Number of protein chains: 2
Amino acid sequence: MMLPEPPRERPVFYVNPLQPLKNIRIVLCGTAHPGNIGAAARAMRTMGITDLALVNPQRYPDPQALWMAAGATDVLESARVCTTLGEALSGTAFAVACSARRRDVAVPMVDARAAATEAAAIAVEQPVALVFGNETSGLSNDEVAACNLLGSIPVAEDFWSLNVAAAVQVFCYELRMACGAALQPDKAQALAAHDEVEAFYEHLERTIVATGFLNPAHPRKLMLRLRRLFARARLQVEEVNILRGILSSVTDPKGRRKPD
Amino acid sequence: MMLPEPPRERPVFYVNPLQPLKNIRIVLCGTAHPGNIGAAARAMRTMGITDLALVNPQRYPDPQALWMAAGATDVLESARVCTTLGEALSGTAFAVACSARRRDVAVPMVDARAAATEAAAIAVEQPVALVFGNETSGLSNDEVAACNLLGSIPVAEDFWSLNVAAAVQVFCYELRMACGAALQPDKAQALAAHDEVEAFYEHLERTIVATGFLNPAHPRKLMLRLRRLFARARLQVEEVNILRGILSSVTDPKGRRKPD
């Protein structure tokens, strides 16, 4: 009798969730101040994004850009200078026009978070551009129309002068978050088990009866309030041990030192 | 017979969802460059946050701060200069230590988004501080320990040099988002009704049969693919009218111009 063939194992692909960031291109249009180009490069680099295209920068290269990049020189060194937005978008499959304002334009408008989510999803497979305007007038309507989506950072109604590098920072941060970079909780410290915590509460109650703080004839809601406090703290094993050690030290005269 | 009393209307409170931002204080500790203080003020102001406290700034006031604030001078003018973090935190009920790194500290650590959500919830009723360290070494462990929570911006493992004003921008942005500033969709253009869209598909099919593009004997999946395209676009009433106008202009010789 032949044994049935074992089920074939399906290949497992290990995917780096931050991989889409390598498919993100930041495009800065007509930037006036080289310092902003450097600050944008730094903002990108902190979020793991390195592809920068500059459309008609007014002063570039410039020592001020290098200074403001604060070490993100690799981004500046590999940046491409283009003469048209079309050239900068070449090869990308999707472009987000990034703005701090609502505008009446031809493309759908969403907020920065939604735009980053969509951009990151497409960037899993295809290059995506995020396009930023110049310092004084932002993106022109023609520049926005060359994109697929308008991503807008909500700003105060009476002060929407968001610095271009700050806007790059927010969008790149949202892209990194969209790639699942949200912080994983710390490797959880083992929480104390129910029985351990209950034993602590009993120990606590005995102790404060002994010290005279809790009158068993009129307990009021003292234990309830203490339980509420410690429940909120989510006691860990070691913490219960510390607290019980303190309680023991209160009632057990062994090792008690005279006050200095 | 007496009429029953009409039900009393409960009072309606109109709450400004951005109100908690008025309860947010940004605290900058030991900032070295006045330009960063100005840029932080601008970042705050764009997000509707105006309460700034400076703990031992190295150079302040300074024209560079004013220049980088780019108009957010009200924030700088009302900023308080303090000599201790305790002084800057006075009156607040909750403080978030803001950092770009994981740290081994005494307070719980969450990411910037979770920290902002918690801070905004508390700021509905009580003042909350967000505390930022200096440019070179960030917050000291003692400074972090004076706070209730560590909020961390996820950064690239090989480049975590986030500018302090950029960090302020991200946290203030997250606070504004936490207050429900996410963009509401544009006042929806009325979508075309099912019948209108179906009538358009019929019109389209008739037209491309007439032009010879679709062979009714071998339709393959052409209409299905066209339907899929237009379904994705979610046609609006006016757009259906435009498209049908185009179709009519194809088959109706009236008004047809000779090519120039």
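What you see is a predicted model, and the numbers here were worked out from it, not measured in a lab.

Rules used throughout
Residues numbered from 1 in each chain as written. Chains lettered and ligands numbered in written order. Predicted model: local features only at pLDDT ≥ 70, side-chain atom pairs only at ≥ 80, totals over all residues. Heavy atoms only, no water. Buried < 20%, exposed > 50% of the residue type's maximum accessible area, 1.4 Å probe, protein only. Helix = DSSP H or I, 4+ residues; strand = E, 2+ residues; numbered from the N terminus. Pairing = 2+ DSSP bridges. Axes fitted to C-alpha atoms, helices over the stretch in contact; angles between N-to-C directions. Parallel < 35°, antiparallel > 145°, perpendicular 65-115°, else oblique. Left-handed = near helix turned anticlockwise from the far one by under 90°. Contact = heavy atoms within 4.5 Å. Nonpolar A, V, L, I, M, F, W, Y, C, P; charged D, E, K, R; others polar. Least-squares fit on C-alpha atoms with pLDDT ≥ 70 in both. Domains from an automatic or database assignment. Core = buried A, V, L, I, M, F, W, Y, C linked by side-chain atoms within 4.5 Å.

Student: Which residues make up the pairing of strand β1 (residues 24-29) of chain A, and what values go with them?
Tutor: Residue and element names in this part refer to chain A. β1 sits mainly inside the fold: six of its six residues count as buried. Direction of pairing for β1 relative to strand β6 (residues 128-132): parallel, over a ladder of five bridges. For V27, the partnering residue across the bridge sits in β6 and is V131. Summarising the sheet, β1 and strand β2 (residues 51-55) pair through five bridges and their orientation is parallel. Of the residues in β2, the one forming a bridge with I26 is L52.

Student: Summarise the packing of helix α8 (residues 194-210) of chain B against helix α9 (residues 222-233) of chain B; cite the residues concerned and give the values.
Tutor: Residues and elements named next belong to chain B. Closest axis-to-axis distance for the α8/α9 pair is 11 Å, and the angle between their directions is 135 degrees. When the axes of α8 and α9 are compared, the pair comes out oblique. The crossing of α8 and α9 is right-handed. When α8 is examined against α9, the residues E198, F200, Y201, L204, E205 and I208 are found in contact with a partner set consisting of L222, M223, L226, R227, F230 and A231. Taken together, the residues that form the contact of α8 with α9 break down as nine nonpolar, no polar and three charged.

Student: Describe the relation of the copies chain A and chain B, naming the residues involved and giving the relevant values.
Tutor: Copies of the same chain, two in number, are related to each other by a rotation about an axis and a translation along it. When chain A is fitted onto chain B, the two copies agree to an RMSD of 0.1 Å after a turn of 180 degrees and an axial shift of 0.1 Å. As the rotation angle and translation indicate, the two copies are arranged about a two-fold axis. Mapped onto chain B, 100% of the interface residues of chain A again fall at the interface, so both copies present the same surface.

Student: Before we move on, could you go through the domain arrangement of chain A and cite the residues and values that matter?
Tutor: Structurally, chain A comprises domain 1 (19-181) and domain 2 (194-251). For domain 1 of chain A and domain 2 of chain A, the distance between their C-alpha centres works out to 55 Å.

Student: Lay out the sheet that holds strand β1 (residues 24-29) of chain B in plain terms, naming residues and giving numbers.
Tutor: All names here are of chain B. With respect to topology, seven strands assemble into an open sheet ordered β3-β2-β1-β6-β4-β7-β5, the strand pairing being parallel. Pairing within the sheet leaves two strands with one partner each, and these edge strands are β3 (80-82) and β5 (109-111). Averaged over all neighbouring strand pairs, the angle between strand axes comes to 30 degrees, with direction disregarded. As judged from the three bridges shared by β5 and strand β7 (residues 149-152), these two strands associate in the parallel manner. Bridging from a neighbouring strand, D111 pairs with S152 of β7. Seen against the sheet, helix α1 (residues 34-46) touches β1 and β2 (51-55) and runs at an angle of roughly 160 degrees to β2.

Student: Would you mind going over the nonpolar core in detail, with residue names and values included?
Tutor: Of all hydrophobic cores here, the largest spans 100 residues; its most connected members are A:I26, A:L130, B:I26 and B:L130. Apart from the residues lying within four places of it in its own chain, the contact partners of A:L130 are A:I24, A:R25, A:I26, A:V27, A:V96, A:C98, A:A119, A:F171 and A:L175. B:A53, B:L85, B:A88 and B:A95 belong to the second largest nonpolar core, which has 19 residues in total.

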